[in-house]
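# Coordinates in review
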Amino acid sequence: MTTVGPKLSIDGLIAELKTLGNISEAEPPVVTRVVFGEADLRARAYVKQLCADAGLAVSEDAIGNTFALWEGTDPELAPIGTGSHIDAIPNAGLYDGCVGVLGGLEAIRTLKQLGFTPRRSIELVIFTAEEPTRFGIGCLGSRMMANALTPEKARNLRDKQGRTLDELRAWAGFEGSLESVAMPLGRFGGFVELHIEQGPTLEREGVDIGLVTHIAAPASLRITVDGEGGHAGATLMPGRKDALTAAAELILALEAAAKATGAIDTVATTGVCDVFPGAVNSIPSRVRLETDIRDIDGARRDRVIDSLKAACIDVESRRGVTITLEQVNADPPATCDAAILAALEDSAKAAGKSYRKMVSRAYHDSLFAARIAPGAMLFIPCRGGVSHRPDEYASPEWIGAGVQILARTLAHLAS
Ligand code: GLV
Ligand code: MN
Ligand code: MN
C-alpha cells in the first residue's frame, strides 16, 4: 500500500475550499448554492476545471451528476468511487459536502504525486442536489443513480416557482434522458465519502476520524392544512377554522411523538411553515408544513410518522379543517460495508490518527451509493458540531487528517 506521507500539504485545498465558498448566491461568508442556480453552475465549472487540471476525464449524466475518472491499469474492474456534493442550503457554510468533493480530489492528486498507479480506476463523483432545497427531496442525484426515485416520479418534481426538473436541468445544460441516470449494482467496486461530522462528538472527544457504521433513515412529509380565512377583527373566535392554529397542533404532536420513543436517535423537525395569505389581520386559510423525521431504526421512525398521521385525523375532526399529507420519502437506513470500514480503520492506524465508530444522523449521498456498491463514510470534526450555518468550520489539521486517511484507503481499495 502506498504511503501517503505525513508531510501532505493541504494549503492548496484550503484555498480551493475558500474559492468555492465565495461562489454563492449570498454575500460571503454566507454560502447559498441551490441546485441549478447560477452559483451552482459557476461552482460546477470551477470544480470541473480543477478535475481537468488534475488530469481526470470529466463527464456528466442527464441530471448533472459529475464524474472525474482516473483510469486504472485494469479499466474492466469497477472503479472505486469517492465524492459528495457542492450544493448548499440557504445560509450555509464552506465545508458541508465540499470537503468530500475537494478533499476527494486532493486525495487523488496526492496519490498521483506519490507515483501511485491504481489497478482499479478511481472516480470522483459530485452528486447533484444532495440538499432538498429546490425540489423538496434530498440526495436527488444519488437517489436517481441508485434507482430509488423513478424517472416518472422525478419528472413530477417542481420547485416553489412551479418549474419542473426537466425545465431546470435543460436550462442548466443537462438534457439526456432521465432513464439513463440509474446505475446497476456493482457500478462501483466500493464507495468512500469524506464529510464533516455535522455534530459535536469528535471534537468533544478529541478524536480525529469517525468511521461511520450506519446512516440514519430519513423521511420527509408535506402537510397542507386548509381552513377558512376571514377578517381577524370581525370573525369571532367560536367556529373559526384557523389553519395555522391547527398546524401548530400538528407541529407539537410531531415533537411529542419523537420524544415519546424515549430513544435519543429519534429526531423530528418541522422546518417549513408557509402561511397563506400571511397578513397580520387575516385568519390563515392555508398552511403548508414540511417535516423531517429520522431514526437509525426505520421501524421506530415509521411509528412516529403513524402518530403524526393519527394527529392529522384528530385535528381535522376537532377543528373542521382539511389536512392532506404527502410522504415525500421514507428511506431505509444504510449499513456501511465491513471491509471498507476495516480499510479505513487500517489507514487511520497506519497514519497514527485516533478514530471511533459512529452513526451518521445526517443523511448523505452514501445512503444511496451504498445501494449500488459496498460503501462507507469517514467523518472529520467540525467546530462546536455546527453545520448548515455560515460559521461552520473544520480546521486544516482536521481536513488534512481526513484527506490522508481517504487517500490511503482509496490506494488500498484500488490496488
Ligand atoms: C443533509 O444535509 C441532511 O439534512 O442530513
Ligand atoms: Mn447539508
Ligand atoms: Mn452534506
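Residues numbered from 1 in each chain as written. Chains lettered and ligands numbered in written order. Predicted model: local features only at pLDDT ≥ 70, side-chain atom pairs only at ≥ 80, totals over all residues. Heavy atoms only, no water.

This part is about empty space enclosed by the protein. The full count for this structure, using the stated rule, is two cavities of 30 Å³ or more. Taken as a whole, the largest cavity holds about 50 Å³ of empty space. In this structure, the largest cavity is lined by F191, I215, A334, T335, C336, S366, A369, A370, G375 and A376. Among the elements of the structure, β15 (334-335), α11 (366-372) and β17 (375-380) are those that each provide at least two residues to the lining of the largest cavity. Among the elements that line the lining of the largest cavity, the one with the most residues is α11, at three residues. Here the lining of the largest cavity is built from residues that sort into seven nonpolar, three polar and no charged. Of the pockets and cavities examined, the second largest cavity occupies roughly 30 Å³. Lining the second largest cavity we find D40, R44, G64, I86, D87, I126, F127, T128 and A129. At the level of secondary structure, the elements contributing two or more residues to the lining of the second largest cavity comprise α2 (38-53) and β6 (122-127). (1 Å grid on protein atoms, 1.4 Å probe; cavity = no way out; pocket = protein on both sides within 12 Å on 5 of 7 lines; lining within 4 Å. Points joined across faces, edges and corners; volume = space filled by probe spheres on them. Helix = DSSP H or I, 4+ residues; strand = E, 2+ residues; numbered from the N terminus. Nonpolar A, V, L, I, M, F, W, Y, C, P; charged D, E, K, R; others polar.)

In this section: the coordination of the manganese ion (ligand 3). Distances from the manganese ion (ligand 3) to its protein donors, namely H85 (NE2), D96 (OD) and H195 (NE2), fall within the range 2.0 to 2.2 Å. We note that the donor set of the manganese ion (ligand 3) lies within a single chain, spaced as H-x10-D-x98-H. The distance between the manganese ion (ligand 3) and the manganese ion (ligand 2) comes to 3.7 Å, with D96 serving as a donor to both metals. Of this pair, H85 sits in strand β4 (residues 80-85) while H195 sits in strand β7 (residues 190-196), and the two are 110 residues apart along the sequence. (Donors = N, O, S within 2.8 Å, 3.2 Å for Na, K, Ca; no water.)

By nearness alone, every residue bordering ligand 1 is listed as E130, E131, R294, A362, Y363 and H388. Contact distances for ligand 1 include 2.8 Å between an oxygen atom and a backbone N or O atom of Y363. With the chains in place, 92% of the 200 Å² that ligand 1 exposes on its own is no longer accessible. Of the residues in the shell around ligand 1, the class split is two nonpolar, one polar and three charged. (Near = heavy atom within 4 Å. Polar contact = N/O pair within 3.5 Å; in protein donor to acceptor, adjacent residues only side chain to side chain. Areas by Shrake-Rupley, 256 points an atom, 1.4 Å probe, with all protein chains shown as cover.)

Let us look at the domain arrangement of the protein. Taken domain by domain, the protein comprises domain 1 (11-216 + 333-414) and domain 2 (218-330). Centre-to-centre, using C-alpha coordinates, domain 1 lies 33 Å away from domain 2. Taken together, the contacts link 12 residues of domain 1 with 12 residues of domain 2. For the pair domain 1 and domain 2, the two sides together bury roughly 970 Å², of which 56% comes from carbon and sulfur. Where domain 1 meets domain 2, there are one salt bridge. We note a salt bridge from D265 to R361, for which the minimum N-O separation is 2.2 Å. (Domains from an automatic or database assignment. Contact = heavy atoms within 4.5 Å. Buried area = accessible area lost by both parts, 1.4 Å probe. Salt bridge = Lys/Arg side-chain N within 4 Å of Asp/Glu carboxyl O.)

The next thing to look at is the coordination of the manganese ion (ligand 2). Around the manganese ion (ligand 2), the protein contributes the donor atoms D96 (OD), E131 (OE) and H388 (NE2), which lie 2.0 to 2.1 Å from the metal centre. The exposure class assigned to D96 is buried, which follows from its relative accessible area of 8%. Judged by its relative accessible area of 6%, E131 falls in the buried class. (Buried < 20%, exposed > 50% of the residue type's maximum accessible area, 1.4 Å probe, protein only.)

Here we take up the sheet that holds strand β14 (residues 322-330). Backbone-to-backbone hydrogen bonds join strands into a sheet, with any given pair of strands oriented parallel or antiparallel. Across the sheet, which stays open at both edges, the four strands sit in the order β11-β13-β9-β14 with antiparallel pairing between neighbours. At either end of the open sheet lies a strand with only one pairing partner, and these are β11 (267-276) and β14. Each adjacent strand pair in this sheet contributes to an overall mean axis angle of 15°, direction not counted. Direction of pairing for strand β9 (residues 217-226) relative to strand β13 (residues 286-295): antiparallel, over a ladder of 10 bridges. Residue pairing for β13: T224 is matched across the bridge by R288. Across the face of the sheet, helix α8 (residues 243-260) comes into contact with β9, β11, β13 and β14 while running at roughly 5° to β13. (Pairing = 2+ DSSP bridges. Axes fitted to C-alpha atoms, helices over the stretch in contact; angles between N-to-C directions.)

Attention now goes to the packing of α8 against helix α9 (residues 298-319). Relative orientation of the contacting elements α8 and α9 amounts to 150°, with a least axis distance of 9 Å. One way to sum up the angle between α8 and α9 is to call them roughly antiparallel. Like other packed secondary-structure pairs, α8 and α9 cross with a definite hand, here right-handed. When α8 is examined against α9, the residues T245, A246, E249, L250, A253, L254, A257 and A258 are found in contact with a partner set consisting of V304, S307, L308, A311, C312, V315, R318 and R319. Of the residues contributing to the contact of α8 with α9, the split by class is 11 nonpolar, two polar and three charged. (Parallel < 35°, antiparallel > 145°, perpendicular 65-115°, else oblique. Left-handed = near helix turned anticlockwise from the far one by under 90°.)

This brings us to the side chain of D365. Take D365: it is sitting in the loop between β16 (355-360) and α11. Despite being buried, D365 has no salt bridge partner; R143 is the closest side chain of opposite charge, sitting 8.4 Å away. Reaching out from D365, the side chain makes a polar contact with the side chain of S142 at a distance of 2.7 Å. When residues no more than four places from it in sequence are discounted, the contact partners of D365 are S84, H85, F127, E130, C139, S142 and E193. (Lys, Arg positive; Asp, Glu negative; His and termini not counted.)

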